[in-house]
Amino acid sequence: MLVGTALLGWRLQVSAEKLKRYSLNSLIYENPNAEDRQISGLLSPNNSLILIQPDFNHGIVIIDIEGNVKHHLPIVNDTELTLGDKVIWLPNNSILFTFDKFILKSDPPYTSITSVKEMNYSDWGNIHANQDGSKIALRIDKHIYLMKADGTDLVQVTESDREEREAVFSPDGRHLLVAANYYPGTFHSGTWDLNIIPADGNKYKVGNNPGDEVFVIQPNKMGNVEKARNWMLWR
């Protein structure tokens, strides 16, 4: 499925199931407000739309796979969405996004917004949803938490002597790919180890000296733990 990557600010390359397998299409994305070279896109669940992450200039933008702007959400409560806010798809092409101290949701045609949860924490973010949209994984301070899609039953599911950056659900929703042992970068997103834990609401020790239930991704059992940066996703 996926995933859009920005080239020279406006040109996106898109691969989708509706296109011939392994084919690659290019499109020109005309930014509604101004040029910005820090854009990325996510293909919608039905492969018809692309969700552009907020940057310094244009907030949330939804385009079709030809590059035409279909929906534009630049502000919430008179405050601009900006770089650092994050938006993801939910089933039925709904969107879930972070803004100020809130996790918000908007359903097509994106004319109204509902609050999922107020986040009274100094440091949080990196939201991800499972495939059916029933659970959300996110980072609070240095560790990963799970909650239901309505914002209830928030529980901590990782612990370590360092920091976890984010966690991505497996396609069947039974596991989380955790960015463990995170080291921030100066001019990039940093690096981390790849750990896998069950997405069952229990707490697991990851990173250095992980628990027995944690699967650590490494090329061979005697080698170094596999490192990652920027993106991580299941296939």
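What counts and what doesn't
- Residue positions within a chain follow its written sequence, with the count starting from 1.
- Thresholds applied to this predicted model are a pLDDT of at least 70 for local features of residues and 80 or more for the giving and counting of side-chain atom pairs; totals over whole chains, interfaces and linings are not thresholded and use all residues.
- Here the side-chain values reflect all heavy atoms present in the structure, with hydrogen atoms and water set aside.
- Working definition: rings of Phe, Tyr and Trp (its six-membered ring) pair if their centres are within 6.5 Å, and the pair is stacked with planes under 30 degrees apart, edge-to-face with planes over 60 apart, and tilted otherwise.
- Put simply, DSSP marks the helices as runs of H or I at least four residues long and the strands as runs of E at least two long, and each gets a number from the N terminus on.
- Relative accessibility under 20% of the residue-type maximum defines a buried residue, over 50% an exposed one, and the middle range a partly exposed one, all with a 1.4 Å probe and only protein chains included.
- As a reminder, the over-ring test applies to NZ of lysine and CZ of arginine, requiring each to be within 6 Å of the ring centre and within 35 degrees of the ring normal.
- DSSP bridges decide pairing: two strands pair if at least two such bridges lie between them.
- What counts as a salt bridge is simple: a side-chain nitrogen of Lys or Arg found within 4 Å of a carboxyl oxygen of Asp or Glu.
- Every residue is assigned a pLDDT by the predictor, reflecting its confidence on a scale from 0 to 100.
- Contacts were defined at the residue level, with two residues in contact if any of their heavy atoms lie within 4.5 Å.

Quick word on the packing of aromatic side chains
For any pair of aromatic rings, geometry is given as the distance between the ring centres together with the angle between the planes.
Argument step 1. Under the defined criterion, the tally for this structure stands at one aromatic pair.
Argument step 2. Taking the centre distance of 6.2 Å and the plane angle of 50 degrees together, the rings of Tyr182 and Trp192 count as tilted. Of this pair, Tyr182 sits in strand 20 (residues 175-183) while Trp192 sits in strand 21 (residues 191-198), and the two are ten residues apart along the sequence.
Argument step 3. Taking the relative accessible area as the measure of exposure, Trp192 reaches 0% and is therefore buried.
Argument step 4. Residue placement shows Arg162 over the ring face of Tyr183; its charged tip is 3.8 Å from the ring centre.

Considerations on the sheet that holds strand 17 (residues 155-156)
Argument step 1. Taking strand neighbours across the sheet as the criterion, the four strands line up as 14-15-16-17 in an open arrangement whose pairing is antiparallel. Among the strands making up the open sheet, the edge pair consists of strand 14 (124-129) and strand 17.
Argument step 2. Two strands pair when backbone bridges link them, and strand 14 and strand 15 (residues 135-140) are joined in this way by four bridges, in the antiparallel orientation. Residue pairing in the sheet places Gly125 in a bridge with Arg139 of strand 15.

Notes on unusual backbone geometry
Glycine aside, residues mostly have negative phi, and peptide bonds are mostly found in the trans state.
Argument step 1. Put simply, Pro108 and Pro109 share a cis peptide bond, and its omega is 5 degrees.
Argument step 2. Residue Asp100 is not a glycine yet carries a positive backbone phi of 55 degrees.
Argument step 3. Looking at the element boundaries, Asp100 is found in the loop between strand 11 (95-99) and strand 12 (102-106).
Argument step 4. Judged by its relative accessible area of 58%, Asp100 falls in the exposed class.
Argument step 5. One non-glycine residue, Asn209, lies in the positive phi region at around 55 degrees.
Argument step 6. Relative to the assigned elements, Asn209 resides in the loop between strand 22 (204-205) and strand 23 (215-216).

What to know about the pattern of salt bridges
Argument step 1. Enumeration over the complete set of coordinates arrives at five salt bridges.
Argument step 2. Here Arg139 and Asp123 are joined by a salt bridge, their closest N and O atoms 3.2 Å apart. Of this pair, Arg139 sits in strand 15 while Asp123 sits in the loop between strand 13 (114-118) and strand 14, placing them 16 residues apart in sequence.
Argument step 3. Residue Arg139 is classed as buried on the basis of its relative accessible area, which comes to 9%.
Argument step 4. The exposure class assigned to Asp123 is partly exposed, which follows from its relative accessible area of 35%.
Argument step 5. The partner of Asp193 in a salt bridge is Lys227, with the nearest N and O atoms 2.6 Å apart. With Asp193 in strand 21 and Lys227 in strand 24 (residues 227-228), this pair connects stretches of sequence that are 34 residues apart.
Argument step 6. Residue classification places Asp193 among the buried positions, given a relative accessible area of 6%.

Points about the pairing of strand 7 (residues 69-73)
Argument step 1. Alignment of strand 6 (residues 60-64) against strand 7, held across four bridges, turns out to be antiparallel. Pairing of Ile62 across the sheet is with His71, part of strand 7.

Considerations on the confidence of the model for the protein chain
Low-pLDDT portions of the prediction should not be read for the details of their coordinates.
Argument step 1. Summary statistics for the protein chain give a mean pLDDT of 85 and a share of 83% for residues scoring 70 or more.
Argument step 2. Long-range and interchain partners of residues 1-22, a stretch whose pLDDT sits below 50, account for 67 contacts in this model, where long-range means more than four residues apart.

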